[in-house]
Structures are given as structure tokens and as C-alpha cells.
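The chain contents come next:
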Amino acid sequence: MSIQHEIQKRRTFAIISHPDAGKTTLTEKLLLYGGAVQLAGSVTARKNQRATTSDWMELEKKRGISISSTVLQFDYDGYRINLLDTPGHKDFSEDTYRVLTAVDSVVMVIDSAKGIEPQTRKLFEVCRQRGVPIFTFMNKCDRPMKDPLALLDELERVLGIGAFPVNWPIGDGFDFRGVYDRQTSQMHLFERTVGGKYRAPVSVGDLHDPAVRGQLDDTTFNRTVEELEMLEHAGEIFDDAAVLAGKSTPVFFGSASNNFGVQLLLDGFLKHSPAPKSRVMGGIEIAPENPAFSGFIFKIQANMDPKHRDRIAFIRVCSGKFDRDMTVHHSRSEKKVRLSSSHKLFGNERETVDEAYPGDVIGLVGHDSFGIGDTLTTDPKILYKEIPRFTPEAFSYLHNPNTGKYKQFRQGLDQLLQEGVIQALYLRNSAVKTPLLAAVGPLQFEVVQFRLESEYGAESRLEAAPWNVVRWLPTDIKEDELDALSLPTGARLAYDLGKNAVILFQNEWSANYFGETNKNCPLSSVPVQTVKE
Ligand SMILES: Nc1nc2c(ncn2[C@@H]2O[C@H](COP(=O)(O)OP(=O)(O)OP(=O)(O)O)[C@@H](O)[C@H]2O)c(=O)[nH]1
Ligand SMILES: [Mg+2]
């Protein structure tokens, strides 16, 4: 089969939203309808078939939230799908943003009772900047929801994007009966199943089909007809070009937990979403058909499976063909490496993969030198610079209370730092060797402590550090220039993991004051990207 054909059948997308809108639930239902699992997210499915749930870490189960993104690859209807479920909580946005660099489109999930929530808006902004096409799923229509027309209006007003309803909800809350597919003019009426484990039975017919009409009360039917007429009157048509340009979003209604509208979303998404396309790096365009294999690492995760205590680097293939055992150029070390342990991923399950094509996300095991953002390619001229870095806003020392376990503590922490679970800083001219952790949000501290204990058997103790703001100094600043700086009270000099100099300030005011009084020493509020030896 030609590489062109392989590229055209790939769909690589992330599910994004504010916490709790239903991303993980929708992910499981897409797997159910995509035929990748027979039972959604149940314990039986775990035992008898495959591990279906995409929330695999113990801490996630405990808290009921996703704290890390999950990769799932499966085939459906002639497509090879690479689906990435992301965490919604803002403390984990570094992980989510890295995932956004690896996908070609997103499904944005909205809780129909709540409308557009703050974290959804932020993620949307990132997608818009990157020009990523966005598909919208209005979830939880089985609960009292906002007026669907108001929800569309909110998309246009708050996000400034055109919204095209592909289907329309019939009733809401307890009376939510299904959706009307405006593309085929068919009503899809669903029945609930216990716990939503199985596909929901559905009856399909046109608006006036007596079999379908008979299932609806007059109020629901009349309201639906009236709303549909209004939409028709507005006269908008599905504009593929606007969707692909990220200017308009197709909107699907449904309920993930009840399996309503999931099939229509899956099929509609696959039909209109883009296959992998070219990436532009430093002015050069790298097409997926480029004969050179290339890709970049956007995520590293250790100990995904307690059976294999190892570390997986997730690479998004961008061009050419991947063959197991191939030798590639590794950008960070500038060395040649052979990729012999490659896997396709399904949550925490993995299977050896011999070949992969643009759009695929595969896991590479056994390369400790790989870091987030690294390029692997057979053409050393290709260098991706995709991964964003975030400004930490919370700082704490991490103590090791048990000196007998220093080795586990240090090894565990180094591993977690390499995964990018959290950032760390080292104070300049400090005799104290206690690591200073720097987080985008405080839940990251909790994840570090939990994983140190459960994966490395190392206890730890947090101590709040007196700073709240970090700023990066110019990368070319010399040590004697650092000596000469006069810092405001309470501020300290430190280095990040790339050995770039930073200043820690007690507060924003103090950082601004320093900036005002040291015009010759411009500070950056976003992390600099260089790594010094
Ligand atoms: N009523 C109703 N509840 C739903 C629906 N879909 C999901 N939920 C519930 O919403 C809650 C959150 O669902 P998740 O799928 O974990 O949400 P999430 O977006 O993955 O959350 P984070 O990963 O933590 O950001 C769970 O209790 C789900 O059972 C739905 O269609 N209707
Ligand atoms: Mg989730």
C-alpha cells in the first residue's frame, strides 16, 4: 500500500475540555463504538478482554480525575485512529499542551448545563493559535441543559468561532430522547442501557415517520420542529474549508454516559477531520510524504505498567515511514540510535509495532537519553521545535525524611523530572542541596509525592518556599554579571534544569520593580528554551 494511502487513513486527535465535562467517559464510548472494546470501562472488560479505561494511575482512580494524558490506537471503518485523552485540570496543562502539539484536530467537550468554562476557553486559544480544527461535543444533554441555541451563540460570542450544528437534541434532561441528524434529515431516538455499558439501541426515521413520531410527546416534537425550522432558515451550510481552517466548528449533541450521539460524533468526525498534513519548521515545510522518517517526542512516562518498570517515550511520527530496528539521528545527543523496542499503545497496554506512518503515536522503550521535545529522524536537517514550556507559579522544597532511602528518592525524582511531571530549580551559591520544585499548579506536587512513594518506595516532605514568581535572565548573562546584580529583598538567583539563570521573587510587584530599575537586564516571564552543558 502506498504511503499516501496510509497517511490518508490516519486520524490523530485529542479530546480536550474543562475538568469533568466528560472527556474520559467520551473516550471510552468512542472505543466502544469504534469496536475497540465490547464493554465500556467496566471491571469485567478489564478481566476478560482488554484494559478499557484510559485512567490508569491509582491516583486518578482515587480522585476521579485525569492527571495524565492517555494514548489509544485502534482501527475503525478503514481508519487508523490515534486518540489522546487529556487531563482537564489546569495544574496539568503542561501535559495537555504538549499533547496538542502532536495532534491534527481536537474534539472539545462541553458540559451543556455549564456552557464554556474557563479551562476550555484557554485550551481553545491554544488550538486557534496552532490552527487546529475543532469539533464540538455538547455533552450531558440528559441533564437539564442550557438552551441549545444559546450554547451555539456562546461558542460564537465567547470563542469567536462559527458554530454549525450537525445534529440537534430532541428534548433535554430526563426527556432527552435523541438527536436529529441535519445532514441526513433523520431522527435518531435512543434507549438507555444500564450504566451505559453497551451500545444504546436506536430507532431511526425521518421527522414525520409515524414509528418515530409515536415515541415523542407533542411538546418535545413541536419544539424540535420549530427549532429545526429556525436553523434551516438561518441557511448555513457545512463549510469544510472553514472547519479545516479552525474558523468554524461542527457541533454534535449527545450524552457520553448514555451513549447518545456517540456514533454520530465518531462518524461525523472521521468524515470531516483532516489527515496528517505538513509541518513548517524554521521556514522549511516538511510534508508527511517526505521520504525521510521524522517525528518528535512529546511525552515521557515511566512505570505505566507495574509489570514492566520502564520508561516510554511517546513519539508523533510526522513524515516518512517508521520501521522497527531502523537507525535514526537523535537531535539532543546528535548521535545515531537504533529504535528496536517500539510499541503501539492502548491505555497502559502495549504491543510491538513493526511499522508506523505519519499521524501515528508510538511508544519507544529503552532510551534514557530521550527527552521531551527531541527530534528523531533519518534526515538530520529536520528539527522540530514544537514543545511549549510553562511558567511555574508555585514553589516548594522537597525533603527526603528518610536518609536510608536517599538513592530511591533521588532516582525517582530525577525520573519524574525527566518526564516533565514538574520543573525543578537549583539555588545559586547554596550549600543546601534540597531540590526546589517549581509547579504550574500545586496538584503537581501531590503527583510527585504520590509517585515517589508508590513507584520508588521513597517518602518525601514538602516545605513551602517563600517565592511566588520566577523570571528568566538573558541566556548570555555571565557569572560575574550575576554577582553584580542587586536584587530586591527576599529575591534569590537560581538555575533551571537547562542551567539557565533565573530570579525568584516574592511577588509580582518585586519582579516589576527589578525590571524597572534594571533596564539593561531584560527579564523573560516565559522559560527560555536553551539547554547549557
Ligand atoms: N449525566 C451525565 N453525566 C456524565 C456524562 N458524561 C460524563 N458524565 C459524568 O461526568 C463526570 C466526569 O466525567 P469524566 O469523563 O471523568 O470527565 P473528564 O472530562 O475526563 O474529567 P478530567 O479528566 O478530570 O478533566 C463523571 O461522573 C461522569 O460519569 C453524561 O453524558 N451525562
Ligand atoms: Mg478525564
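Since the model is a prediction, treat every value here as computed from it, not as a measurement. (Residues numbered from 1 in each chain as written. Chains lettered and ligands numbered in written order. Predicted model: local features only at pLDDT ≥ 70, side-chain atom pairs only at ≥ 80, totals over all residues. Heavy atoms only, no water.)

A. Fine view of the coordination of the magnesium ion (ligand 2). For the magnesium ion (ligand 2), the full set of protein donor atoms is T24 (OG1) and S66 (OG), and the range of their distances to it is 2.0 to 2.1 Å. A residue pair is termed long-range when its members are at least 10 positions apart, and T24 in helix α2 (residues 23-33) and S66 in the loop between α4 (58-63) and β2 (70-76) qualify at 42 residues. You can call S66 buried: its relative accessible area is 9%. (Donors = N, O, S within 2.8 Å, 3.2 Å for Na, K, Ca; no water. Helix = DSSP H or I, 4+ residues; strand = E, 2+ residues; numbered from the N terminus. Buried < 20%, exposed > 50% of the residue type's maximum accessible area, 1.4 Å probe, protein only.)

B. A look at the site of ligand 1. Around ligand 1 sit 17 residues in total, of which K23, T25, S66, D142 and S255 are the nearest. The separation between an oxygen atom of ligand 1 and a polar main-chain atom of D20 is 3.0 Å. Between an oxygen atom of ligand 1 and a side-chain N or O atom of T25, the distance comes to 2.6 Å. Calculation on ligand 1 without its partners gives an accessible area of 650 Å², and the protein chains cover 80% of this total. The leading source of residues in the shell around ligand 1 is α2, at three residues. A class-by-class count of the residues in the shell around ligand 1 yields four nonpolar, eight polar and five charged. (Near = heavy atom within 4 Å. Polar contact = N/O pair within 3.5 Å; in protein donor to acceptor, adjacent residues only side chain to side chain. Areas by Shrake-Rupley, 256 points an atom, 1.4 Å probe, with all protein chains shown as cover. Nonpolar A, V, L, I, M, F, W, Y, C, P; charged D, E, K, R; others polar.)

C. Quick look at the sheet that holds strand β28 (residues 469-472). Taken in spatial order, the seven strands line up as β27-β24-β26-β25-β29-β30-β28 in an open sheet, and their pairing is antiparallel. The sheet is open, and its two edges are formed by β27 (461-464) and β28, each paired on a single side. Here the average twist between neighbouring strands, direction ignored, is 40°. Alignment of β28 against strand β30 (residues 501-505), held across four bridges, turns out to be antiparallel. Counterpart to W472 in the pairing with β30 is V502. Sitting on the sheet, helix α12 (residues 406-419) touches β24 (394-399), β25 (423-427) and β26 (436-439), and the angle it makes with β25 is about 120°. (Pairing = 2+ DSSP bridges. Axes fitted to C-alpha atoms, helices over the stretch in contact; angles between N-to-C directions. Contact = heavy atoms within 4.5 Å.)

D. Molecular detail of the sheet that holds strand β10 (residues 202-205). The antiparallel open sheet is built from four strands, whose spatial order is β7-β8-β9-β10. Looking along the sheet, the strands with just one partner apiece sit at the ends: β7 (167-170) and β10. On average, each strand axis in the sheet is tilted by 20° relative to the strand beside it, whichever way the strands run. Pairing of strand β8 (residues 178-181) with strand β9 (residues 186-190) involves four bridges; the strand directions are antiparallel.

E. Molecular detail of the pairing of β24. Counting buried positions along β24 gives six out of six residues, so the element sits mostly inside the fold. Residues of β24 alternate between two faces, with A394, S396 and L398 on one and F395, Y397 and H399 on the opposite face, all of them buried. Both β24 and β26 contribute to a ladder of four bridges, which runs antiparallel. Bridging across to β26, F395 finds its partner in A438. With four bridges connecting them, β24 and β27 associate as antiparallel partners. Bridge pairing in β27 links H399 to R461.

F. Geometry of helix α5 (residues 93-101). Across the nine residues of α5, nine count as buried, placing the element largely inside the fold. Buried within α5 we find S93, E94, D95, T96, Y97, R98, V99, L100 and T101.

G. Focus on the nonpolar core. Grouped together as the largest cluster of nonpolar side chains are 115 residues, with contacts concentrated most on L26, V107, L155 and L376. When near neighbours in sequence (up to four residues on either side) are disregarded, L26 contacts I15, V107, V109, F137, A256, V262 and L265. One finds I67, L437, L443 and A458 within the second-largest nonpolar core, a separate group that totals 23 residues. (Core = buried A, V, L, I, M, F, W, Y, C linked by side-chain atoms within 4.5 Å.)

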